[in-house]
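Notes for the structure review
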Amino acid sequence: MTLQQEIVGSAMQMAVVSLQPGQTVYCEAGKFLFKTTNVTMETRLGGPSGGGGQQSQPGGGSGGMGGLLRQAMGTAMQAGQRALAGESLAFQYFTTQGGEGTVGFAGVLPGEMRALELDGTRAWFAEKDAFVAAESTVDFGIAFQGGRTGRSGGEGFILEKFTGRGTVIIAGAGNFIDLNPADFGGRVEVDTGCVVAFEEGIQYGVQRVGGLNRQGVMNAVFGGEGLSLATLEGNGRVILQSLTIESLANALRKAQGGDKQGPTGGLFSTNAQ
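Below or above, wherever it landed, is the structure these notes cover. Predicted model only: the values in this text are computed from it and were never measured.

Criteria and cut-off values
By convention here, each chain's residues receive numbers from 1 onward along its written sequence. At least 70 in pLDDT is required for a residue's local features to be given in this predicted model, at least 80 for side-chain atom pairs to be given and counted, and no such filter applies to totals for whole chains, interfaces and linings, which use all residues. Derived side-chain values reflect all non-hydrogen atoms in the structure, with water molecules and hydrogen atoms excluded from consideration. The numbering of helices and of strands both runs from the N terminus, where a helix is a DSSP run of H or I of at least 4 residues and a strand a run of E of at least 2. Buried, partly exposed and exposed residues are distinguished by accessible area as a fraction of the type maximum, computed with a 1.4 Å probe on protein chains only: under 20%, between the cut-offs, and over 50%, respectively. Only the protein chains shown count as covering a residue, and every accessible area follows the Shrake-Rupley method with a 1.4 Å probe. In protein, a polar contact means a hydrogen-donor-capable atom and an acceptor-capable atom, both N or O and within 3.5 Å, with residues adjacent in sequence counting only if both atoms are side-chain atoms; elsewhere, any N or O pair within 3.5 Å suffices. For the purposes of this section, nonpolar cores are sets of buried Ala, Val, Leu, Ile, Met, Phe, Trp, Tyr and Cys residues that join through side-chain atoms within 4.5 Å. A contact between two residues is defined here by any heavy atoms of the two lying within 4.5 Å. Counting rule for charge: Lys and Arg are taken as positive, Asp and Glu as negative, and neither His nor the chain ends is counted. Salt bridges are counted wherever a side-chain nitrogen of Lys or Arg sits within 4 Å of a carboxyl oxygen of Asp or Glu. A pair of strands is considered paired only if DSSP assigns at least 2 bridges between the two. As a rule, the C-alpha atoms of each element are fitted with a line to give its axis, helices using only the stretch in contact, and angles between N-to-C directions run from 0 to 180 degrees. Here the aromatic set is Phe, Tyr and Trp, taking the six-membered ring for Trp, and pairing holds for ring centres within 6.5 Å; pairs whose planes are under 30 degrees apart are stacked, those over 60 apart are edge-to-face, and all others are tilted.

Topic: the overall build of the protein
Regarding its fold elements, the protein presents four helices and 18 strands. Evaluated residue by residue, the protein yields a buried proportion of 43% over its 273 residues. Element-wise, carbon and sulfur atoms account for 54% of the exposed surface of the protein, whose accessible area totals about 13800 Å².

Quick word on the side chain of Gln20
Positionally, Gln20 belongs in the loop between strand 2 (14–19) and strand 3 (24–28). Taking relative accessible area as the criterion, Gln20 reaches 16% and is therefore assigned buried. A distance of 3.0 Å separates polar atoms of two side chains, one belonging to Gln20 and the other to Glu100.

Overview of the nonpolar core
Judged by nonpolar contacts, the single largest core of 20 residues is most densely connected at Tyr26, Phe131, Phe162, Val168 and Ile170. Broken down by secondary-structure element, the contributors of at least two residues to this core are strand 6 (91–96), strand 8 (113–119), strand 9 (124–127), strand 10 (131–135), strand 11 (138–145), strand 12 (157–171) and strand 15 (195–199). Those residues in contact with Phe131 that lie beyond four places of it in its chain are Tyr26, Cys27, Glu28, Lys31, Phe91, Phe140, Glu160, Phe162, Val168 and Ile169.

Thoughts on the side chain of Glu127
Take Glu127: it is sitting in strand 9. Lacking a salt bridge, the buried Glu127 has Lys128 as its closest oppositely charged neighbour, with an N-O distance of 9.1 Å. Sequence-distant contacts of Glu127, defined by excluding residues within four places in its chain, comprise Glu160, Ala171, Val195, Val196 and Gln241.

Things to note about the environment of Ala134
Mapped onto the elements of the fold, Ala134 is located in strand 10. Distance in space between the C-alpha atoms of Ala134 and Ile169 is 5.9 Å, their sequence separation being 35 residues. When near neighbours in sequence (up to four residues on either side) are disregarded, Ala134 contacts Thr24, Val25, Tyr26, Thr167 and Val168.

What about the pattern of salt bridges?
One pass over the full model with this rule turns up eight salt bridges. When the shortest N-O distance is used, the salt bridge between Glu28 and Lys31 registers 3.1 Å. Given a relative accessible area of 5%, Glu28 falls into the buried group. A residue is classified by how much of its surface remains accessible, and Lys31, at 4% relative accessible area, is buried. When salt bridges with common partners are traced through the structure, they connect Glu112, Arg114, Asp178 and Arg237 into a single cluster.

Details of the pairing of strand 12
Pairing analysis gives seven bridges linking strand 8 to strand 12, with the strands arranged antiparallel. In the sheet register, Arg114 faces strand 12, and the bridge partner there is Ile170. Where strand 9 lies against strand 12, four bridges are found, and the strand directions are antiparallel. Bridge pairing links Phe125 to Lys161 in strand 12.

Considerations on the sheet that holds strand 4 (residues 32–35)
Taken in spatial order, the four strands make up an open sheet running 1-2-7-4, and their pairing is antiparallel. Because the sheet does not close on itself, it has two edges, and the strands there are strand 1 (4–8) and strand 4. Averaged over all neighbouring strand pairs, the angle between strand axes comes to 20°, with direction disregarded. Strand direction decides the pairing type here: strand 1 and strand 2, joined by five bridges, are antiparallel. Pairing of Gln4 across the sheet is with Ser18, part of strand 2.

Thoughts on the sheet that holds strand 14 (residues 187–190)
Overall, antiparallel pairing links the three strands, which are arranged 14-17-16 in an open sheet. Of all the strands in the sheet, the pair left with one neighbour each is strand 14 and strand 16 (203–208). Pairs of neighbouring strands in the sheet enclose a mean axial angle of 30°, with direction left out of account. Two elements, strand 16 and strand 17 (residues 228–233), share six bridges in a ladder whose sense is antiparallel. Paired with Val206 across the two strands is Ala230, which belongs to strand 17.

Re unusual backbone geometry
Positive phi outside glycine occurs at Asp129, with the angle close to 80°. Structurally, the position occupied by Asp129 is in the loop between strand 9 and strand 10. Asp129 sits in the partly exposed class, given a relative accessible area of 34%.

Focus on the packing of aromatic side chains
The tally for this structure, following the rule as stated, stands at twelve aromatic pairs. Summarising the aromatic geometry, the rings of Phe94 and Phe105 are spaced 5.5 Å apart at their centres and angled 75° between planes, so their arrangement reads as edge-to-face. One end of the pair, Phe94, is in strand 6; the other, Phe105, is in strand 7 (residues 101–106), and eleven residues separate them in sequence. Each member of the pair, Phe94 as well as Phe105, carries the same accessibility label: buried. With a centroid separation of 5.8 Å and an interplanar angle of 25°, the aromatic rings of Phe125 and Phe198 are classed as stacked. Of this pair, Phe125 sits in strand 9 while Phe198 sits in strand 15; the two residues are 73 residues apart in sequence, bridging distant segments of the chain. Taken individually, Phe125 and Phe198 each receive the classification buried, so the pair is uniform in this respect.

Here it is, written out as structure tokens:
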């Protein structure tokens, strides 16, 4: 059953979801806006993972005490992963009672929202905090991008991962642009803060801005990008945003008279992390 949803608004969009009997949608804590009275809300530490969103219930044939123990350990591992990633520990689940119900969700920054349809063949990856809500048939997970990419970028790159079938709603800052690296020679280079989401099959990486020479230093110091750019390669859908959280924070600090970045930006930024 396809999730009926409508994204409304412009500068600060929201998603209005119409729940049919038997449908459940969940969101990250803090993304809920409103609901009709016939929609129940339940907060859980456990999120859909590895089972198509099916939540085992006590006494529901999950293997007795051993099954409950495995479920508790799985929930603890999920919560631990989200804590390490800086994500919310809890999810809120919404189910309609009786007839059709309505629930509203939104992101936390001024910008766009997008509904992605998963058919079970390809996963989607999104930046941290992009997730807003999804059907219970969509599995939510955390992917840690480490190794060479993490070291080049200065830290491990943490992604949200969505698998299964159904609708997942994401949000970002500013305006969105959809592109396919295959249409641009197979590779695009973007500001690391502009990546919102991409399909499985796209290779994400981080590369140094220029070499360790005069021009490389000029790019890092005066270009405002720091030392690294994100690279996206392959054939698949990519969603970028026009506004980065860092640039928004810098603009707010400057408006409040607290800008400490100075005229150079980039490498010499003194903003607290």
